Amino acid sequence: MSFETKLNDGIFCIPKCDDCKKIVWPPADLCNHCFGNVSLKEGEFEGKIIEFSSKENLYFCLVEFEKTFRIIATILKTPDVGQSVKISKCGIIGGDYFFEVN
Ligand SMILES: [Zn+2]
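Every value quoted in this text rests on a predicted model; they were computed, and no experiment measured them.

**Topic: the overall build of the protein chain**
No. 1: Scanning the protein chain from N- to C-terminus turns up one helix and seven strands.
No. 2: Beginning at the N terminus, the succession of helices and strands in the protein chain can be written as α-β-β-β-β-β-β-β.
No. 3: Since a compact globule built from 102 residues should have a radius of gyration of about 13 Å, the 14 Å found for the protein chain is in line with a globular shape.
No. 4: With respect to the three principal axes, the spread of C-alpha positions in the protein chain is 45 × 30 × 20 Å.
No. 5: Buried positions account for 31% of the 102 residues belonging to the protein chain.
No. 6: Taking as baseline every contact in the protein chain between residues at least 6 positions apart, the subset at least 24 positions apart corresponds to 41%.
No. 7: Summed over its atoms, the accessible surface of the protein chain is roughly 6400 Å², and 47% of this surface lies on carbon and sulfur atoms.
No. 8: Placing the 12 positive and 15 negative side-chain charges of the protein chain at their respective mean positions leaves the two points 5 Å apart.

**Let's talk about the nonpolar core**
No. 1: Residues Phe-12, Val-63, Phe-65, Phe-69 and Phe-99 are the most contacted members of the largest nonpolar core, which totals 18 residues.
No. 2: Those elements giving two or more residues to this core turn out to be helix H1 (3-8), strand S4 (58-65), strand S5 (69-75), strand S6 (84-93) and strand S7 (96-101).
No. 3: The greatest single-element share of this core, amounting to four residues, is contributed by S5.
No. 4: Counting residues domain by domain, this core receives three or more from each of domain 1 (1-43) and domain 2 (44-102).
No. 5: Apart from residues no more than four positions distant in its own chain, Phe-99 is found in contact with Leu-7, Phe-12, Ile-71, Ile-72, Ala-73, Thr-74, Ile-87, Lys-89 and Cys-90.

**Focus on the layout of surface pockets**
No. 1: Estimated volume of the largest pocket: approximately 170 Å³.
No. 2: If you trace the largest pocket, you find it lined by Gly-10, Ile-11, Phe-12, Glu-42, Gly-43, Glu-44, Phe-45, Lys-86, Ile-87, Ser-88, Lys-89 and Cys-90.
No. 3: Per-element tally for the lining of the largest pocket: the top contributor is S6, with five residues.
No. 4: Of the residues in the lining of the largest pocket, the class split is five nonpolar, three polar and four charged.
No. 5: Of the domains in this structure, domain 1 (1-43) and domain 2 (44-102) are the two that each give at least three residues to the lining of the largest pocket.

**Some details on the domain arrangement of the protein chain**
No. 1: Each assigned domain of the protein chain is listed here: domain 1 (1-43) and domain 2 (44-102).
No. 2: Centre-to-centre, using C-alpha coordinates, domain 1 lies 19 Å away from domain 2.
No. 3: Taken together, the links from domain 1 to domain 2 amount to zero salt bridges.
No. 4: On the surface where domain 1 and domain 2 come into contact, there are two residue pairs in polar contact (both at pLDDT 80 or more).
No. 5: Those elements that provide at least two residues to the side of domain 1 that touches domain 2 are H1, strand S1 (13-17) and strand S2 (38-42).
No. 6: It is H1 that provides the largest number of residues to the side of domain 1 that touches domain 2, a total of four residues.
No. 7: The residue makeup of the side of domain 1 that touches domain 2, split by class, is eight nonpolar, three polar and three charged.

How each quantity is defined
- Residues numbered from 1 in each chain as written.
- Predicted model: local features only at pLDDT ≥ 70, side-chain atom pairs only at ≥ 80, totals over all residues.
- Heavy atoms only, no water.
- Helix = DSSP H or I, 4+ residues; strand = E, 2+ residues; numbered from the N terminus.
- Rg over C-alpha atoms; globule rule 2.2 N^0.38 Å.
- Buried < 20%, exposed > 50% of the residue type's maximum accessible area, 1.4 Å probe, protein only.
- Contact = heavy atoms within 4.5 Å.
- Areas by Shrake-Rupley, 256 points an atom, 1.4 Å probe, with all protein chains shown as cover.
- Lys, Arg positive; Asp, Glu negative; His and termini not counted.
- Charge placed at Lys NZ, Arg CZ, Asp CG, Glu CD.
- Core = buried A, V, L, I, M, F, W, Y, C linked by side-chain atoms within 4.5 Å.
- Domains from an automatic or database assignment.
- 1 Å grid on protein atoms, 1.4 Å probe; cavity = no way out; pocket = protein on both sides within 12 Å on 5 of 7 lines; lining within 4 Å.
- Points joined across faces, edges and corners; volume = space filled by probe spheres on them.
- Nonpolar A, V, L, I, M, F, W, Y, C, P; charged D, E, K, R; others polar.
- Salt bridge = Lys/Arg side-chain N within 4 Å of Asp/Glu carboxyl O.
- Polar contact = N/O pair within 3.5 Å; in protein donor to acceptor, adjacent residues only side chain to side chain.

Below is the structure:
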């Protein structure tokens, strides 16, 4: 199961190396530190809003997870910097990753 297969099914996973336990981001099959095997961890991950901007009534946030990697996500309510969020929706649209948090 690849990260993208899961994402396409609407499941967000964090790719972690089996050997050195580091998060592998951007997602890959092999660890970019030690070339170990990467496993996908499912869960209710909490992220933190680093910054946001708005465009046509939509908010785009930069969200940091596990103090390691950042993604761009949309949010429906007015966000705050430093706010904790969870991924409520995700997928792949037109080849691009899509995330929504709340
Ligand atoms: Zn590793």
